[in-house]
Amino acid sequence: MDYLAKNRAWIELDVSCLKNNIELIRKVNNNIIAVVKANAYGHGIIEITSYLNKIGITFFAVATLDEGILLRKNNIKGNILILGYTSKENLKYVRKYNLIQTIIDFDYFNIIKDINFKINAHIKINTGMNRIGENYQNIKNIIDMYKNNNICIKGIYTHLCVSDSDRKNDITFTEKQLDNFNYVLNVLKENNINIGITHALNSYGIFNYQKYKYDYIRCGILMYGIKNNNSYLSKNIDLEPILKLKSRITSIRNINKNDSVSYGNTFVAKNKMKIASVSIGYADGIPRIVSNNYFVYVNNKKASVIGTICMDQLIIDITNIDANVGDEVLIIKDNEQLNILANNASTISYEILTNLHSRLPRIIIRK
Ligand SMILES: *Cc1c(COP(=O)(O)O)cnc(C)c1O
């Protein structure tokens, strides 16, 4: 018998949605840097990047050196930008795997500048987020970085921190960030520096700040078709989520009034009930904090999660649902359900996605 990948809990990836999303994003700017850090936002970095390569995406951004190496070992073609820190000791691997390193700031540049081999790099500019990046005012430092022989600067970028907000202050702040970045670009041009490619807009920036144009866009969450809870998108765009998270019913039982359920007896039945165990738990990435405060779908009907969520299992109320052992359970079906999960867990959709554990098989269901 063939091995059944849809065994206990799994992620289904509808890559035709990914294609659709990319086409919509390409209408704004054809030059996409696909942000695939953190296992492609939990979707499965190899599954996603292989498909993106197939539909012509040739620029990726990852957070870590290891993610970059993993892509190369899986034959992913094109440019790969590491957005985060790489130690000087490991820069030889940036070269070996033909990756592009972000120059975090001038201090980092000074630590690495005497390497005796060539690497490609992009300079990060801090325009207000105050996380990483050389401060936009320090033009002399920025020009110095362009003049190193072994650190070959192929691009320059900044990052926005409130581009997904429609509050007046946040819009003013974002425009100031982009103006600061433009100031740097203009001074570099006046100094006849070959600046390489420019990029600044992340997902919400791409659509909320369309009047700002740079060579490339860096797209993460919206490429996956996920509209984040708490984020503001100025346009209605037909993005579709690629991912569905599914599991199965493994055991069904009837309980009586006053019977309790799961660890800690946090749920006590008020009446007779029919309940089912489902083979997915917090180790798969379902936040334990939504115990007694979430719902899933069984045969198109809503079923509440009752009792404490366990490491590998959770329990649901199927009193009014026709269901059998083996039936599929939809844990994350669409944007709306993911947003509710994120809200109930007091977090954002990004964190729910990146917590989806690697033990969940990623299954491509449509080509
Ligand atoms: C994660 C990240 C992105 C992508 O952000 P989204 O909001 O998911 O589009 C872009 N740029 C940098 C520097 C990032 O760290």
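Below is a short write-up of the structure. Only a predicted model underlies this, so the values are computations on that prediction, with no experimental measurement involved.

1. Looking at the overall build of the protein
Then, in step 1: Looking only at helices and strands, the protein has eleven helices and 19 strands in total.
Then, in step 2: Viewed in the frame of its principal axes, the protein has a C-alpha envelope of about 80 × 50 × 35 Å.
Then, in step 3: Out of the 367 residues in the protein, the part that is buried amounts to 56%.
Then, in step 4: Carbon and sulfur atoms provide 45% of the accessible area of the protein, an area that totals close to 17000 Å².
Then, in step 5: Once the 46 positive and 32 negative side-chain charges of the protein are each reduced to a mean point, those two points are 3 Å apart.

2. Points about the pattern of salt bridges
Then, in step 1: Scanning the entire structure with this criterion turns up eleven salt bridges.
Then, in step 2: Close ionic contact of E12 with K6 constitutes a salt bridge, the shortest N to O distance being 3.2 Å.
Then, in step 3: For E328, the salt bridge goes to K246, with nearest N and O atoms at 3.5 Å. Of the two residues, E328 sits in strand 18 (residues 328–332) while K246 sits in strand 11 (residues 243–255), which places them 82 residues apart along the sequence.
Then, in step 4: Among the charged side chains, a salt-bridge network with shared partners connects K6, E12, K246 and E328.

3. Considerations on unusual backbone geometry
Then, in step 1: Phi at N192 takes a positive value of approximately 55°, unusual for a residue other than glycine.
Then, in step 2: By secondary structure assignment, the location of N192 is in the loop between helix 8 (168–190) and strand 9 (197–199).
Then, in step 3: The class for N192 is exposed, based on a relative accessible area of 70%.
Then, in step 4: For N300, which is not glycine, the phi dihedral falls at a positive 70°.

4. Observations regarding the site of the ligand
Then, in step 1: Among the 13 residues in the neighbourhood of the ligand, the closest are listed as K37, Y41, S203, R218 and Y350.
Then, in step 2: Computed on the free molecule, the ligand has an accessible area of 390 Å², of which 92% lies beneath the protein chains in the complex.
Then, in step 3: In this structure the site holding the ligand corresponds to the largest pocket.
Then, in step 4: Those elements that provide at least two residues to the shell around the ligand are helix 2 (37–41) and strand 10 (217–219).
Then, in step 5: Classifying every residue of the shell around the ligand by side-chain character gives six nonpolar, four polar and three charged.

5. Observations regarding helix 3 (residues 45–54)
Then, in step 1: Among all positions of helix 3, only I45, I48, T49, Y51, L52 and N53 are buried.
Then, in step 2: Those residues of helix 3 hidden inside the fold are in contact with helix 1 (15–26), strand 2 (32–35), helix 2, strand 3 (59–62) and helix 4 (65–73).

6. Observations concerning the packing of helix 3 against helix 4
Then, in step 1: The interhelical angle for the contact between helix 3 and helix 4, taken along N-to-C directions, is 55°, at an axis separation of 11 Å. Taken as axis vectors, helix 3 and helix 4 run oblique relative to one another. Read as a crossing pair, helix 3 and helix 4 show a hand that is right-handed. Of helix 4, the residues touching helix 3 (which contributes I45, I46 and T49) are E67, L70 and L71.
Then, in step 2: Of the residues contributing to the contact of helix 3 with helix 4, the split by class is four nonpolar, one polar and one charged.

7. Here's the deal with the environment of Y97
Then, in step 1: Along the polypeptide, Y97 turns up in the loop between helix 5 (91–96) and strand 5 (100–103).
Then, in step 2: On a C-alpha basis, the gap between Y97 and K73 in space is 8.7 Å, while along the polypeptide they are 24 residues apart.
Then, in step 3: Once residues lying within four places of it in the same chain are set aside, the contact partners of Y97 are I69, R72 and K73.

What counts and what doesn't
- Residues numbered from 1 in each chain as written.
- Predicted model: local features only at pLDDT ≥ 70, side-chain atom pairs only at ≥ 80, totals over all residues.
- Heavy atoms only, no water.
- Helix = DSSP H or I, 4+ residues; strand = E, 2+ residues; numbered from the N terminus.
- Buried < 20%, exposed > 50% of the residue type's maximum accessible area, 1.4 Å probe, protein only.
- Areas by Shrake-Rupley, 256 points an atom, 1.4 Å probe, with all protein chains shown as cover.
- Lys, Arg positive; Asp, Glu negative; His and termini not counted.
- Charge placed at Lys NZ, Arg CZ, Asp CG, Glu CD.
- Salt bridge = Lys/Arg side-chain N within 4 Å of Asp/Glu carboxyl O.
- Near = heavy atom within 4 Å.
- 1 Å grid on protein atoms, 1.4 Å probe; cavity = no way out; pocket = protein on both sides within 12 Å on 5 of 7 lines; lining within 4 Å.
- Sits in = over half its atoms within 2 Å of the grid points.
- Nonpolar A, V, L, I, M, F, W, Y, C, P; charged D, E, K, R; others polar.
- Contact = heavy atoms within 4.5 Å.
- Axes fitted to C-alpha atoms, helices over the stretch in contact; angles between N-to-C directions.
- Parallel < 35°, antiparallel > 145°, perpendicular 65-115°, else oblique.
- Left-handed = near helix turned anticlockwise from the far one by under 90°.

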